[in-house]
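# Descriptive analysis of the structure
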Amino acid sequence: MRITAVTCVKNEGPFLLEWIAFNRLLGVTDHLFYSNDCSDGTDTLLDALAERDDLAELAGNVVHLPNPAKGRNYQMEALKNAAHQAVVKQADWVWVADVDEFLNIHVGDHTIPSLIAACGHPQAISVSFQFFANGGVDAFEDRPVIVQFDRSHNPDLWCGETAIEVKSLVRKDFPLQYFGAHRPFFKKGIAEGTYPAWTDGAGRDVPHKFLVADNPRRIRKFPAAGARAFATLNHYALRSLDSYLVKNDRGDVNRENRAFDDTYWRERNDPAWQDTSIQRYLPKLEAALEALKADARIGALHARAVAAHKAKRDELMAQPHYREMFAHLKGLPPYPPGEYALMTELGLA
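Heads up: these notes are all about the structure in this document. (Residues numbered from 1 in each chain as written. Predicted model: local features only at pLDDT ≥ 70, side-chain atom pairs only at ≥ 80, totals over all residues. Heavy atoms only, no water.)

## Some remarks on the packing of helix α11 (residues 282–294) against helix α12 (residues 296–317)
- Direction vectors running N to C along α11 and α12 enclose 100°, while the axes themselves pass 5 Å from each other. Here α11 is positioned roughly perpendicular relative to α12, judged by the angle of their axes. Note on element contacts: α12 touches α11 through Ala 296, Ile 298, Gly 299 and His 302, opposite Leu 292, Lys 293 and Ala 294.
- When the residues that make up the contact of α11 with α12 are grouped by side-chain class, the tally is four nonpolar, two polar and one charged. (Axes fitted to C-alpha atoms, helices over the stretch in contact; angles between N-to-C directions. Helix = DSSP H or I, 4+ residues; strand = E, 2+ residues; numbered from the N terminus. Parallel < 35°, antiparallel > 145°, perpendicular 65-115°, else oblique. Contact = heavy atoms within 4.5 Å. Nonpolar A, V, L, I, M, F, W, Y, C, P; charged D, E, K, R; others polar.)

As structure tokens, this is what we get:
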């Protein structure tokens, strides 16, 4: 089975090897990366991986292209381009996700083929997010993200919302109109009885209004309760405070000039729930990372990206604005805004 992961990156150098190696453990055979405006060596590391067929067992086939976007929406322009690339056209399944998103599969041998089988071999599978908190981690460390952060919100409830966003696996025979960042869209004019088979991460049919994109407010999400029996999408959007500052300086890879204010941080920094299930992959992941870093060229480029990440952190912390941001975020209560407001009203905060 050929499974192609498609993603956009900007200054994600320190995190690339973990994401690639983790995806290989899931059964991903090919990676298609689009990069833009990198200053930490992300693009150089991807080029080096793309040249190395001998690392395919650890990294799969890596294809690296410059982001073709001419306007602001980097991700959507890249996804339009991706649909025409051989590495996508030849795939049995396509997985569109970001480098801070890890597909945690709970069934079989914990691979994508096992998830597909458990869901009954549909044409698309949409897996619900679980947002992982910062957990009080200030300093960036060059070790797996999946072991550093293990606290999240209640998986079925986020900031008072039962509807939680998804990311999707898409089979090659899906009647594709275009890839969306969160879900595919099928061609217009399809008769109701011939809609594609499409499940959530528990093998249940996705809600009809989500299927046909009938509700703009729910176009990329549906209720998460019961939707994770077979798989969860772990989203490490915050990571360490150091890395969050660098991310804030970088802006959003998907949209130009979009900064992350403290609302983004507060909504995702909910440590109410502990979930270590993804660490089932850790022994094999650490072995794969050790092997990749042992390669002289790849190891040096990874180390250079790590050094650039730390240097950017130091550069930002030399500026009053970022020192204030660091202190402000560190001092925020670890509750989502709505919950904290209620606690304050009740005199519990």
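Now that the structure is up, let's keep going.
## Digging into the environment of His 302
- Relative to the helices and strands, His 302 resides in helix α12.
- Spatially, the C-alpha atom of His 302 lies 43 Å from that of Asn 215, the residues being 87 residues apart in sequence.
- Sequence-distant contacts of His 302, defined by excluding residues within four places in its chain, comprise Gly 13, Pro 14, Leu 17, Leu 45, Asp 142 and Lys 293.
- A distance of 3.0 Å separates the side chain of His 302 from the side chain of Asp 142, its partner in a polar contact. (Polar contact = N/O pair within 3.5 Å; in protein donor to acceptor, adjacent residues only side chain to side chain.)

## Some remarks on the pairing of strand β6 (residues 124–131)
- In terms of burial, β6 is a largely internal element, eight of the eight residues being buried.
- Here β6 runs beside strand β8 (residues 163–171); their pairing, made up of five bridges, is antiparallel. Following the sheet pairing, Ala 124 is matched in β8 by Val 170.
- Looking at chain direction, β6 and strand β11 (residues 198–200) are connected through three bridges and run parallel. In the strand pairing of β11, Ile 125 is matched with Thr 199.
- Inspection of the sheet shows β6 paired to strand β13 (residues 231–235) by three bridges, in the parallel sense. Looking at the pairing, Phe 131 lines up with His 235 of β13. (Buried < 20%, exposed > 50% of the residue type's maximum accessible area, 1.4 Å probe, protein only. Pairing = 2+ DSSP bridges.)

## Thoughts on a nonpolar patch on the surface
- Residues Leu 342, Leu 346 and Leu 348 make up a contiguous nonpolar surface patch of roughly 320 Å² in combined accessible area.
- Looking at where Leu 346 falls in the secondary structure, it is placed in the segment after α14 (337–345). (Patch = residues over 30% accessible without salt bridge, like charges linked within 9 Å, V, L, I, M, F, W, Y side chains within 5 Å. Areas by Shrake-Rupley, 256 points an atom, 1.4 Å probe, with all protein chains shown as cover. Salt bridge = Lys/Arg side-chain N within 4 Å of Asp/Glu carboxyl O.)

## Concerning the layout of surface pockets
- Roughly 190 Å³ of internal volume is contained in the second largest pocket.
- Around the second largest pocket sit Lys 10, Asn 11, Asp 37, Ser 39, Asp 40, Val 246, Asp 249, Arg 250, Ala 308, His 309, Lys 312 and Glu 315, which together line it.
- Residue assignment for the lining of the second largest pocket shows that the elements contributing at least two residues are α9 (241–250) and α12.
- For the lining of the second largest pocket, the element with the highest residue contribution is α12, accounting for four residues. (1 Å grid on protein atoms, 1.4 Å probe; cavity = no way out; pocket = protein on both sides within 12 Å on 5 of 7 lines; lining within 4 Å. Points joined across faces, edges and corners; volume = space filled by probe spheres on them.)

## Side note on the side chain of Asn 23
- If you trace the backbone, Asn 23 turns up in helix α1 (residues 16–26).
- Relative accessible area serves as the criterion here: at 1%, Asn 23 is assigned to the buried category.
- Here Asn 23 is in contact with Ala 5, Val 28 and His 31, once residues within four sequence places are set aside.

## Quick word on the pattern of salt bridges
- Per the stated rule, a full pass over the model turns up 21 salt bridges.
- Ionic pairing is found between Arg 313 and Asp 314, a salt bridge with its closest N-O pair at 2.6 Å.
- Here Arg 313 falls in the buried class, since its relative accessible area comes to 18%.
- Taking the relative accessible area as the measure of exposure, Asp 314 reaches 43% and is therefore partly exposed.

## Overview of the state of the cysteines
- What the rule picks out here adds up to zero disulfides.
- The structure places no disulfide on Cys 8, whose sulfur is separated from the nearest cysteine sulfur, that of Cys 38, by 11 Å.
- The buried category is assigned to Cys 8, whose relative accessible area is 6%. (Disulfide = S-S within 2.5 Å.)

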